[in-house]
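Secondary and tertiary structure notes
Spelled out, the chains give:
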Amino acid sequence: FSSEAKSDYKKSKSISINITENVNASEITNLISTFPKFTNTAVNDEVSTLKYTLQNYLYAVAAGNNSGKNKTIRNLEKSYKNIQKLRKYLKKDEDEVLNRYLVRLKTNITVIEDSVNGKK
């Protein structure tokens, strides 16, 4: 029993996140595919950049590419800030929809980051 526990402990220490079975990654993928179009083209352009960066983030996490993941995190933050600046040009209902998407994306990325970094 003792050797089994040690073996399980070693296995759990070496396990990284399985992105294809991760609920948060699945939700991010779903959000990318269902992201609405807005009346403001600048917002749409920045959303396209955000979606592309999100896909790269998921690929980097799945591949265990820590430097690639960190680079995409920086790009995500930049794109997120740009979208926040552009939100003032949207109608109230569009702004609310965009905000819901951004909050869900940010929440899911935070959960993935916590699990990748070993936090629970």
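Residues numbered from 1 in each chain as written. Predicted model: local features only at pLDDT ≥ 70, side-chain atom pairs only at ≥ 80, totals over all residues. Heavy atoms only, no water.

1. Thoughts on the pattern of salt bridges
Counted under the stated rule, the structure contains four salt bridges. Among the ionic pairs, Arg104 bridges to Glu27, the shortest N-O distance being 2.7 Å. Separated by 77 residues along the polypeptide, Arg104 in helix H5 (residues 92-116) and Glu27 in helix H2 (residues 23-34) bring together distant segments of the chain. By relative accessible area, Arg104 is classed as partly exposed at 38%. One salt bridge in this structure joins Asp95 and Arg87, with 2.5 Å as the shortest N-O distance. Taken individually, Asp95 and Arg87 each receive the classification buried, so the pair is uniform in this respect. (Salt bridge = Lys/Arg side-chain N within 4 Å of Asp/Glu carboxyl O. Helix = DSSP H or I, 4+ residues; strand = E, 2+ residues; numbered from the N terminus. Buried < 20%, exposed > 50% of the residue type's maximum accessible area, 1.4 Å probe, protein only.)

2. Side note on the environment of Asn65
Inspection of the secondary structure assignment puts Asn65 in the loop between helix H3 (41-63) and helix H4 (66-86). The exposure class of Asn65 is partly exposed, given its relative accessible area of 35%.

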